[in-house]
Amino acid sequence: MSPRSISKPAPPEVRRGGSRHWLAPLLMVFASAAAIAAEGVPELTRASLQLLAAAPAGDSAAVLYVGAAAEAPLLRDLRVQVDDRSVIRYQFSEDEARALVAGGLKRVLPLPPGEHRLRGEIVARAATGKPGATRYSASFDQTVTVAAQSYQLIFDDGGMLSAARADLQPATPAAPQHEADYLLATGRAVEAAVLLESSARDPQRLDAAYRALGLAAPAPGEAPTALVAYNQALGAGDVAALAALGSADAGAGADALALRDLANVSAGYRELSAGRGEAAMPYFRLVRSPGPYSSAAMLGLGWCYLWPSNANAAAREVSLRPNGADAIAATRRQTPFRYLQAIASGARAEDLRRALIPWAELLGRDPLDPAVQEGLLAIPYALDHFGAHEQARRYYERALATFDTAHGMLAAARREISGGQVLAALDARDADVSSGWPRLLVEQRDDALAVPLRMLVADAAVTEPLREYRQLRTLDRLLAARGEAGDTSASPGALRGRIAAASAAAAARLQSAMFGVLQKLEQQTTRYQAEAEFAMARIYDRDPHGVAQQ
């Protein structure tokens, strides 16, 4: 499900009020995966799970798990070596680290029978979300005799009186269920379903896995309570309810933190669109930076200093292109500066200085982010009314250059989608077993394909086709690892052929959805580019004396 559009102001000379769709889609993890997928996907998923669970490969062997004590720092890196074999390293993503602190267990490697020396190191950092957070490290070196018993390596920071440690101990009988919790919390519903069908049978967890795979409708009240409350508050325009969500304890999950930020951004723009800039400021200041909504919050905070604060004001719809003298006059009455050539002085000039501080933070950020694009116009708008016309002109030129760059990025993304590079990169990321970060599609250094992936997958229209495609590809990888078991309709080979056909159809649907997102981004960028060009034209047609405004 995706929240409804959030009203917020655009640059005053462009638009006030109305719906802005770029804040509406929540992170794709919030979107419902319960809708039954395209024809054949549920059937193929059930058949694959039945085959994979019927003869689990190596399930009877002992394994090594890794976990974390409650309230421990977030695990970042694991290095483990069995005897003199190669060192295995794993880098934990944010959601994986939080799933471990919540009680989940990650399977690291199988342990063959016999006596083995296990040694390595675990590195963790405090869960502050800020650079330079406290680093913790714990080494381990222990000999164990393995029969059928699995082991778990639990990290603990040791508290204030002792050093961090990694405790190697026999795994509890509930370890498979805790592994399933970890898989479900990190978006690996296919692997969780296979585990729960084979060796960790748990009806409640299995139902959760089926719902995540689109094999069952959501149970009543299955959607997160906070998300339901958010959508209800947003639909009713209830700022108090949004504020309550924005100040609530978000828990440990990244999704909950993102929802809290979204509630604060929504509340801020509701107040701002009603002309209550001072009331909106506290909400924008509560939004985390960096974070998925930090740019929108920075933009809104800047407008708070310029927007009239009127407790009785109400949001009004203003045309993007006023048609006629009356419409132009109405538009001007809704902007901080009624005259194009107005020059601020006194307290109004100080408001402009304050607005420029958060807006300057938007420079250099994602050129395809609508909040960043709007900020590129807001800065010269403020400078122009501050009397710094030459600086305003340079910033408008910078905005135009950035929009040209954005169009180039969109053209490159279109080519990469058409050529199959985007889906190939998606497959490679999901198949990476050395780190949890690639499958989150976060941007990596020297990774050009992260740009189209990052901007495409956040759109609500891509959520369901993306889930279908990744689900089918994951099933295929698991079946390939299992190996051929004969050329029958129930064999991995025959089933993989059916999955390949369904994957091709899912890929086509996903590519179509991505092209739709590109088209929206192109239209959005073109609109902002047109605004910058109009602003440049107004600069060259300026009255050299200006009009003072207090």
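The rules behind these values
Residues numbered from 1 in each chain as written. Predicted model: local features only at pLDDT ≥ 70, side-chain atom pairs only at ≥ 80, totals over all residues. Heavy atoms only, no water. Helix = DSSP H or I, 4+ residues; strand = E, 2+ residues; numbered from the N terminus. Buried < 20%, exposed > 50% of the residue type's maximum accessible area, 1.4 Å probe, protein only. Areas by Shrake-Rupley, 256 points an atom, 1.4 Å probe, with all protein chains shown as cover. Phe/Tyr/Trp six-rings, centres within 6.5 Å; stacked < 30°, edge-to-face > 60°. Contact = heavy atoms within 4.5 Å. pLDDT = per-residue confidence, 0-100. Axes fitted to C-alpha atoms, helices over the stretch in contact; angles between N-to-C directions. Parallel < 35°, antiparallel > 145°, perpendicular 65-115°, else oblique. Nonpolar A, V, L, I, M, F, W, Y, C, P; charged D, E, K, R; others polar. Pairing = 2+ DSSP bridges. Salt bridge = Lys/Arg side-chain N within 4 Å of Asp/Glu carboxyl O. Polar contact = N/O pair within 3.5 Å; in protein donor to acceptor, adjacent residues only side chain to side chain. Left-handed = near helix turned anticlockwise from the far one by under 90°. Core = buried A, V, L, I, M, F, W, Y, C linked by side-chain atoms within 4.5 Å. Expected span 1.5 Å × (residues − 1). Arc of directions from axis to C-beta.

1. Considering the overall build of the protein
Along the backbone of the protein there are 18 helices and 12 strands. Across the 550 residues of the protein, 49% fall into the buried class. Element-wise, carbon and sulfur atoms account for 53% of the exposed surface of the protein, whose accessible area totals about 24600 Å².

2. Digging into the packing of aromatic side chains
Under the criterion given, the structure shown has four aromatic pairs. Look at Tyr269 and Phe284: their rings are 4.9 Å apart centre to centre, the planes differ by 70°, and that puts the pair in the edge-to-face class. Here Phe284 lies in helix α9 (residues 277–285) and Tyr269 lies in helix α8 (residues 254–273), a separation of 15 residues in the sequence. Like Phe284, Tyr269 is buried. An angle of 65° between the planes, with centres 4.7 Å apart, marks the rings of Trp303 and Trp359 as edge-to-face.

3. Overview of the environment of Glu115
With respect to the element layout, Glu115 can be found in strand β7 (residues 114–125). With relative accessibility at 61%, the residue Glu115 sits in the exposed group. Distance from Glu115 to Asp83, taken between C-alpha atoms, is 9.2 Å for residues 32 residues apart in sequence. With residues up to four places along the chain from it excluded, the contact list for Glu115 reads Asp83, Thr143, Val144 and Thr145.

4. A few points about the confidence of the model for the protein
Taken as a whole, the protein shows an average pLDDT of 79; of its residues, 76% reach a score of 70 or greater. Per-element confidence in the protein ranges from a low mean pLDDT of 34 for strand β1 (residues 6–7) to a high of 95 for strand β4 (residues 74–82). Contacts for the low-pLDDT stretch residues 1–39, under 50 throughout, to residues beyond four places or in other chains number 145 contacts. Contacts for the low-pLDDT stretch residues 444–450, under 50 throughout, to residues beyond four places or in other chains number 11 contacts.

5. Thoughts on the packing of helix α4 (residues 189–198) against helix α17 (residues 460–482)
Relative to each other, α4 and α17 sit at 50°, their axes nearing to 9 Å. Classified by the angle their axes make, α4 and α17 are oblique. Facing α4, whose interface residues are Val190, Glu191 and Val194, α17 presents Gln471, Thr474, Leu475 and Leu478. Broken down by class, the residue content of the contact of α4 with α17 amounts to four nonpolar, two polar and one charged.

6. A few points about the sheet that holds strand β6 (residues 106–111)
The strand order across the open sheet formed by four strands is β6-β3-β9-β10, and the pairing between neighbours is mixed. Across the chains shown, the open sheet's two edge strands, defined by having one partner strand only, are β6 and β10 (165–170). Going across the sheet, the axis of each strand differs from the next one's by a mean of 25°, ignoring polarity. Two elements, strand β9 (residues 151–156) and β10, share six bridges in a ladder whose sense is antiparallel. Looking across to β10, one finds that Phe155 is bridged to Ala166.

7. What about the sheet that holds strand β5 (residues 88–91)?
What links the strands of a sheet is backbone hydrogen bonding, and the strands pair in either a parallel or an antiparallel sense. What the four strands build is an open sheet, ordered β5-β4-β7-β8; its pairing is antiparallel. Taken across any chain shown, the strands that pair with only one partner, and hence form the sheet edges, are β5 and β8 (135–146). Strand after strand, the sheet turns through a mean of 15° between neighbouring axes, direction not considered. The pairing of β4 with β5 spans four bridges and is classified as antiparallel. The residue of β5 that forms the bridge with Val80 is Ile88. The sheet contacts of helix α2 (residues 94–101) involve β4 and β5, and relative to β4 the element is tilted by about 85°.

8. Things to note about the pattern of salt bridges
For the structure shown, the criterion picks out 26 salt bridges. In this structure, Arg98 and Glu94 form a salt bridge, with 3.0 Å as the shortest nitrogen-oxygen distance. With Arg98 and Glu94 both in helix α2 and four residues apart, the pair spans about one turn of that helix. In this structure Glu94 comes out as partly exposed when scored by relative accessible area, which is 22%. The partner of Arg353 in a salt bridge is Glu350, and the shortest N-O contact between them spans 3.2 Å. Of this pair, Arg353 and Glu350 are both found in helix α12 (residues 347–360), three residues apart, which corresponds to roughly one turn of the helix. What emerges from the salt-bridge pattern is a single network uniting Glu390, Arg393, Arg394 and Glu397.

9. Considerations on the side chain of Arg429
Structurally, the position occupied by Arg429 is in helix α15 (residues 421–431). For Arg429, the side chain forms a polar contact with the main-chain oxygen of Pro438, separated by 3.1 Å.

10. A closer look at the packing of helix α3 (residues 175–185) against α4
Orientation of α3 relative to α4, taken along the N-to-C sense of each, is 160°, at an axis distance of 8 Å. Comparing their axes, α4 and α3 come out roughly antiparallel. In this structure, α3 crosses over α4, and the sense of that crossing is left-handed. Touching Pro176, Glu179, Ala180, Leu183 and Leu184 of α3 are Ala189, Glu191, Ala192, Leu195 and Leu196, all from α4. Along the lines of polarity and charge, the residues of the contact of α3 with α4 split into eight nonpolar, no polar and two charged.

11. Quick word on the nonpolar core
Of all hydrophobic cores here, the largest spans 77 residues; its most connected members are Leu64, Leu75, Leu111, Ile122, Leu153 and Leu510. Here this core gets 11 residues from one element, more than from any other, and that element is helix α18 (residues 492–540). With residues near it in sequence (within four places) discarded, Ile122 still touches Val66, Leu75, Asp77, Leu78, Tyr136, Ser137, Ala138, Phe140, Leu153, Phe155 and Ala166.

12. Looking at unusual backbone geometry
Located in the positive-phi region is Glu71, a residue other than glycine, with phi close to 65°. Tracing the chain through its elements places Glu71 in the loop between β3 (62–68) and β4. Looking at Glu71, the relative accessible area reads 75%, which means it is exposed. Unusually for a residue other than glycine, Asp83 sits at a positive phi of about 55°.

13. Regarding helix α1 (residues 41–54)
Here α1 is 14 residues long and its end C-alpha atoms lie 20 Å apart, about the 20 Å a rise of 1.5 Å per residue gives. Of all the residues in α1, the buried ones are Val41, Pro42, Leu44, Thr45, Ser48, Leu49, Leu52 and Ala53. An end-on view of α1 places all buried positions within 160° of arc, on one side of the element. Residues of α1 that are exposed and point more than 90 degrees away from the buried face comprise Gln50 and Ala54. Lining the buried residues of α1 we find α4, α5 (203–212), α17 and α18.

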